[in-house]
Amino acid sequence: MKISRRKFIGATAATAAGASLFSFEMLTKLNPAAAADPNAEFQQFRNVCPRNCYDTCGQISFVQNGILKKVEGDPKHGYTNGKLCLKGYTYTRRIYSPDRIKYPMKQTPRGSGNWTRISWDEAMETIAKKILDLKKRYGSTLPICFDKYSGNFGILHYGADGTMSSIGYTTRALGTPCWPAGIDAQTYDFGTLYSNDPEDMVNANYLILWGQNAAWTAVHSIPFINKARERGTKLVVIDPIETSTASKADLYIQIKPSTDGALALGMARYILDNNWVDWDYARANSVGFDEWIDYLRNNVTLDWAAEKTGVPADIIREIAREYATAKPASMWVGYGLQRHTNGGQNVRIIDALGVMTGNVGKSGGGVNYGHLETWGFNYNAMSYPAPKGSKGFAGPDGKEGDRNINMNNFAQDVMAQQDPPVKMLWLACRNPGSQDPDTTAIEKMFNSMELVVTVDSFFNKTVQMSDIVLPTTTHFENTDVNASYWHYWVGINQMAIKPMYESKNDIEIAMLLSQKMNALEPGSCTFPTKGTPEEWLSKEFNPGIYEFLEISRWQELIDSPRKAKMPPASWSDGKFRTPSQKIEIHSDSAEKNGLPPLPIWVEEMKAPANYPIRLITPHPQHALHSQFQNLDWMMTANPEPILEIHPQLAAQYGISEGNKVKVFNDLGSIILKAHLTRTTPPDVIVSYESWYKNSNYNVNYTVKAIPSDMGKQATGNDGLAFHDNFVMIQKA
Ligand SMILES: Nc1nc2c(c(=O)[nH]1)N[C@H]1C(S)=C(S)[C@@H](COP(=O)(O)OP(=O)(O)OC[C@H]3O[C@@H](n4cnc5c(=O)[nH]c(N)nc54)[C@H](O)[C@@H]3O)O[C@H]1N2
Ligand SMILES: Nc1nc2c(c(=O)[nH]1)N[C@H]1C(S)=C(S)[C@@H](COP(=O)(O)OP(=O)(O)OC[C@H]3O[C@@H](n4cnc5c(=O)[nH]c(N)nc54)[C@H](O)[C@@H]3O)O[C@H]1N2
Ligand code: SF4
Ligand SMILES: [Mo]
């Protein structure tokens, strides 16, 4: 087990070396073609990167003669501060990529690659006729299944959801593959997820990044972390992999995967033994605290925690003492940590550690995970009622509505539906062919459909399995607004250039479908048939948001992104949103859902004998899931996927640097090029989920749809234990 210490090398050097915050000047040196004529006049527009990324960056687009020449960071954005990640600077390559889907197209037969261009009218006619046909045959629109997630988080993209609710009750993929176990954990404990302003990390005297790889996945946080470090704040990173973030830490702790709860319990026991407990805070603000203290006394020892986690007892003592006494000390719990069968429970234990030391509700403190406080829009785009007389699915309360299926077991759950079966898929902002576990099952499920419609920009794996693809705009080609699930800023996306080719945004597509459905069968779709993005935006804002952002019209966002008026420390008012209005160390809600009421240890999943190696598939530096990596600049920077493997493990299987390795289990296999590295433990291999151009690489061929322990309380379904994935390897 690896423990390493680094000397802090100063903010500037650390940022440049590790955190890959690029400036446009740096990038143009790498690729002179990116430079625009410095003397020409630019029109400038304000944008927000709408990807599912912590940072949700403010951007400025520079347009000359209707052409987007370059994209830079918006200096008025107080969190992203005028800089973008490398991906953010590649946007011109995305917009003008020759690989972009330019027109509506149909593929006959599905999967053949035989695509022909069709008109929007033909596309809409085919889709509308199929919807009406299915409704006639099955007596409802339930055979139509909608799956949308995080391709674009712009608020008007909820128009895609609106399309579905307005044709009738449909089958919906419910849940999130992303962060649900941690959301539930924090919901049980505090009543919802709500974190300190990340800019407030500058006030921390101690900082633990727990299963969080900020240098790649939330790069704009690094300057705030470095600012704290300039004052002497110690940065501790806990991760089974020595990530780019870990390599910058003062102390890196290589923990055995899925054992974070045991480490937090060991720390808690040592804090208790030394009476560094903030009894006043914990007793005044929580319920069940003393019950948990009894558990610690009777069940937890440092030796047990050290044995379980692989972290030496001395190190547990060191971080326990420092964390408990630094005041305020901050913890940032990453989403990687909760992608386990006990992931939610581990987050609950870490929460309890924050409570016991009085670090919750404090500036410079917090157990920070994410928030949705700035997402209070009206979502009018998705709130149209089903047409009169629509037949729905009777829920447990007897009320008719949509039929919800599990987004996190999408393939199996779609195929399990019988009454009526699912016959048509509509996918928007979603690439299950690449991002869902068990790709083979996804392929089989797609093949059982009568019609698959995907709205996207590139011929990715999901599009390849579709019958019709509808080309969508990028965020520079329409107007929208974005909030973040991490920082407190909200910003506008101005339309900087006209939509390319025949692309349309999700809300326009919804209106077009409504026109066609109503032409074919009046009253069959309740979605409006016209409306401008500006009108839609006005419908999405409300007095609450205006007050929050201290503006009176959303158009004021054109002058500058706005930061919500919220205290820097979450829960500083002590008004928790649990049933008891206190922090629920003892949670009846958790118990009702069949979980331990207390934050106690729950055993991790063990490797089966025939698949002894754990394959962790975290988030890539050069891609945002299946986006960006396919672009030419990214293919230059990072041409092929690799398998990170410890030399000891490689030697055991006769594998050398650069060898092709078959990674397999009973679900499927992938072939990857080996890169020998001591950054991963000897029983863990790593490959980053991503979609490369001209490659069938997809980690999810080997990843099973194993549920994590939590998620259903707040998001409808449990999350995914992506990182409890076990495989075997052999030289290919
Ligand atoms: N093995 C493994 N798998 C994972 C994960 C992991 O850690 N390991 N992580 C999981 C996590 S955390 C997440 S959040 C999911 C993400 O899963 P997804 O949300 O499916 O991922 P993306 O690739 O970001 O986006 C999906 C598609 O949206 C399209 N898109 C972009 N903009 C628009 C738009 O304006 N309109 C429409 N209609 N489409 C648009 C993109 O081109 C892309 O094809 O993946 C999960 N999958
Ligand atoms: N560049 C880039 N940025 C992204 C994304 C992307 O795809 N690319 N995706 C965005 C999205 S949707 C998300 S959800 C976030 C994810 O952001 P993060 O949470 O930072 O990213 P992950 O890569 O999912 O996981 C973080 C770390 O968790 C570690 N980990 C896995 N299991 C354990 C464990 O049991 N214990 C501990 N302590 N650590 C563990 C992994 O080794 C990994 O280094 O990033 C967002 N930002
Ligand atoms: S991908 Fe994330 S960090 Fe990069 S520009 Fe977009 S929001 Fe910013
Ligand atoms: Mo995610």
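Higher on the page you've got the structure.
Residues numbered from 1 in each chain as written. Chains lettered and ligands numbered in written order. Predicted model: local features only at pLDDT ≥ 70, side-chain atom pairs only at ≥ 80, totals over all residues. Heavy atoms only, no water.

> In this structure, what is going on with the packing of aromatic side chains? I would like to understand it.
Geometry of an aromatic ring pair is reported as the spacing of the ring centres plus the angle between the planes. Per the stated rule, a full pass over the model turns up 35 aromatic pairs. Here tyrosine 54 and tyrosine 335 contribute two aromatic rings whose centre-to-centre distance is 5.0 Å and whose plane-to-plane angle is 5°, an arrangement assigned as stacked. One end of the pair, tyrosine 54, is in the loop between β3 (43-48) and β4 (58-64); the other, tyrosine 335, is in the loop between β15 (329-333) and α15 (343-356), with 281 residues separating them in the sequence. Taken individually, tyrosine 54 and tyrosine 335 each receive the classification buried, so the pair is uniform in this respect. Consider the rings of tryptophan 216 and tyrosine 688, whose centres lie 5.2 Å apart with planes at 55°: the pair is tilted. Residue tryptophan 216 is located in helix α8 (residues 214-217), and its partner tyrosine 688 is located in the loop between β31 (684-686) and α26 (712-715); the two are separated by 472 residues in the primary sequence. Residue classification places tryptophan 216 among the buried residues on the basis of a relative accessible area of 19%. Judged by relative accessible area, tyrosine 688 falls into the buried class, the value being 15%. Pairwise contacts between aromatic rings join Tyr54, Trp179, Trp332, Tyr335, Tyr369, Tyr485 and Trp486 into one cluster. Its end group placed over the ring of phenylalanine 62, lysine 70 keeps NZ or CZ at 4.6 Å from the ring centre. (Phe/Tyr/Trp six-rings, centres within 6.5 Å; stacked < 30°, edge-to-face > 60°. Helix = DSSP H or I, 4+ residues; strand = E, 2+ residues; numbered from the N terminus. Buried < 20%, exposed > 50% of the residue type's maximum accessible area, 1.4 Å probe, protein only. Lys NZ or Arg CZ within 6 Å of the ring centre and 35° of its normal.)

> Can you walk me through the sheet that holds strand β21 (residues 451-456) in this structure?
Strands pair in a sheet through their backbones, by hydrogen bonds, and they do so in one of two ways: parallel or antiparallel. One open sheet holds the 8 strands; their spatial order is β8-β7-β22-β21-β20-β9-β10-β19, and the pairing between them is mixed. At either margin of the open sheet sits one strand with a lone partner, and together these are β8 (115-117) and β19 (403-406). Put simply, the sheet's adjacent strands are angled 25° from each other on average, direction ignored. When strand β20 (residues 424-428) meets β21, the two strands line up parallel, connected through 5 bridges. In the strand pairing of β21, tryptophan 426 is matched with valine 453. This element, helix α20 (residues 506-520), spans β20, β21 and β22 (468-471) of the sheet and lies at about 145° to β20. (Pairing = 2+ DSSP bridges. Axes fitted to C-alpha atoms, helices over the stretch in contact; angles between N-to-C directions. Contact = heavy atoms within 4.5 Å.)

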